[in-house]
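# Breakdown of the fold
Given next are the chains, with one letter for each unit.
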Amino acid sequence: MAQSLGDVAASALGPYGSDAWTALPSQVRTQLVASGEGALAEPWPQILASDYRAYVKTGDRARFEALYFARRLKLNHLVLAECVERQGRFLDAIVDGLWLIAEESGWQLPAHNAYGRGGQRLPLPNPADPVIDLFAAETAANIAAILSLLRAPLIAVDPGLCPRLEQEIGQRILAPYLARHFWWMGKGDERMNNWTAWITQNVLLSAFLLPTAQPQRRAVAQKALSSLDAFLKDYAEDGACEEGVVYYRHAALCLHGAMTVLDEASPGLMAPLWQHPKIRNMAEFILHMHVADDYYFNFADAAAVVEPCGAREFLFGKAVGSLPLQDFAAADWRRSASRLMPNEWNLWYRLQAIAAAGEIESWTRDVPAKSDSLYPGIGLAIARDGRYALAVKGGHNGESHNHNDVGSITLYKDGQPLLIDVGVETYTAKTFSPRRYEIWTMQSAYHNLPSFGDVMQRDGEAFAARDFAARFDTEMAEISLDIAGAYPPEAELQAYRRSVRLLRGRHVEIRDEHEGSRPAILSLMTLMEPDVQDGVIRLGELARIHLQGAGPITAEPLDITDARLRQSWPARLYRLLVPLAGPSLTLTIV
């Protein structure tokens, strides 16, 4: 590590008063000022102790989080508008927002208010014993960025304001970060997840955007590097994110953010790692998971519909030298209605988007055609042709944000969802509790998988696929595995071999072979109302599924009212229940 670690700029645009802000395109300036004016007109959300306590009392986390994030988003709008306009019109409101956040008893979410991984959640935060969670660290990074941008005008308002805010960051984040061990920092073989990269990025921003002392900077950097090593150890060389495509943005993209901060603080420090194949593979994961428009292959707690990529993905592609990722991110950015990330509460991300907009706008390369992908690290295979996009998930049921989905299939035709992974409902206390698998979206019976009587797959790393294999040829792609190991002994199952073939330019075949004493019933999840006649399932005009070896088929409507699920799906989904009439079942999808 370099002997001296320098300051990190909040953005390439520079602080308040920089000519780069006035040089922004007029359309961008107008948009940012308009958002600030809108924020001025809205009252500051008030957060009560009862809002915080609701999580422990009822399991609800949505109300508190809506208030919490609305405060931070309003503040970001005001800050960006003031940086553009430079007339002081937004300063009083900015001070109000900073003071409100400084007066919050805890910056951690109620759902994370615990002193150990999976520990008891306490009803209220203890200001004397802060918890560093995802959003405590992100709040500190936001305030540090604001101080980096607006220090001079804030000092003019009150010389004591900036020291007060720096003290809050020091007491809530930097001091406990160096003095304590939080589980997400990594220890031995303990598995890490998105928390490690996400929090580490924001702690680094908090330290290096402020005028912290050199010894403290070195200590933070050393601990951060150790945590990033712990994070990377749980990724296979293929770079797949076991938490799904949504958490790619909080895992791999935050790794990029942390590395970017370290590289700016100590130029050249990350140079060898940017060229490492594993880091590039992690960057490109999002590219290979894309289907069409906003649709992605989803598993775990990921949604099927994801906001377009943009500046963060583009910059990661640039850092690792991936032109395909830059091509993809730039194309997504051009079709996005949210290029400047107006709904993002992380101010640094918004500053990156504003600073990179000109470079992305001028990017003219075409997006390359998508190809087959294989991720043996998590047991995921993806096959494509001109009409079909197919994914088969193997792996095990002990992954972070796991759903019991070993062997499940996701299929799109002509860019439209055909066999779907439903995703996850709005998070509650139950989502991350011992009762997680009582939630229907987590259960194998609501994936494209068989059940045996009432026996479904079980959670845990021991419940895994066997003999996972994939072969990609010019004329055909074939993915096979045995999913019997994902079921408990009461399934009375010796084997359940699944072979999925894409005959390119023709159709998709799924063949299931069952060896066991209990009756097998296959679930198929779709968003189109099925019409079942004479052994054929018709899904509107999109597809027909011809069946061989099936018993009488029933269709079950599922009304979808959850707000998170409705971001991807219509108000009603359908589950087809297809009994196996014998030891084998074949589905031909055309």
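Throughout what follows, the structure given in this document is the object of discussion. Since this is a predicted model, take the numbers as computed values, not measurements.

### Focus on the nonpolar core
- Among the nonpolar cores identified, the biggest contains 201 residues, and Ile 94 and Leu 154 are the most heavily contacted of them.
- Looking at this core element by element, the count peaks at 14 residues for helix H6 (residues 134–157).

### Section: the sheet that holds strand E11 (residues 466–472)
- Pairing is antiparallel across the open sheet formed by 8 strands, whose spatial order is E11-E12-E13-E14-E21-E18-E17-E16. Bordering the open sheet on either side are E11 and strand E16 (530–533), each of which pairs with just one other strand. Shown here is a sheet whose adjacent strand axes are inclined to one another by a mean of 15 degrees, direction ignored.

### Structural notes on the environment of Gly 321
- Take Gly 321: it is sitting in the loop between helix H14 (311–320) and helix H15 (323–335).
- A residue is classified by how much of its surface remains accessible, and Gly 321, at 42% relative accessible area, is partly exposed.
- Residues Gly 321 and Gln 275, spaced 46 residues apart in sequence, show a C-alpha to C-alpha distance of 7.7 Å.

### What about the sheet that holds strand E15 (residues 520–526)?
- Judged by pairing direction, the sheet is antiparallel, and its 4 strands sit side by side in the order E9-E15-E20-E19 without closing on themselves. Where the open sheet ends on each side, the last strands, each with one partner, are strand E9 (450–452) and strand E19 (554–559). Averaged over all neighbouring strand pairs, the angle between strand axes comes to 30 degrees, with direction disregarded.
- Inspection of the sheet shows E9 paired to E15 by 3 bridges, in the antiparallel sense. Within E15, the position partnered with Ser 451 by the bridge is Ile 521.

### Topic: unusual backbone geometry
- If you check the backbone angles, Asp 293 has positive phi at about 50 degrees while not being a glycine.
- Looking at the secondary structure, you find Asp 293 in the loop between strand E1 (290–292) and strand E2 (295–296).
- You will see that Met 341, though not glycine, has its phi angle at about 55 degrees, which is positive.

About the criteria used
- Residues numbered from 1 in each chain as written.
- Predicted model: local features only at pLDDT ≥ 70, side-chain atom pairs only at ≥ 80, totals over all residues.
- Heavy atoms only, no water.
- Core = buried A, V, L, I, M, F, W, Y, C linked by side-chain atoms within 4.5 Å.
- Buried < 20%, exposed > 50% of the residue type's maximum accessible area, 1.4 Å probe, protein only.
- Helix = DSSP H or I, 4+ residues; strand = E, 2+ residues; numbered from the N terminus.
- Pairing = 2+ DSSP bridges.
- Axes fitted to C-alpha atoms, helices over the stretch in contact; angles between N-to-C directions.

Shape is all these values report; function is a separate question.
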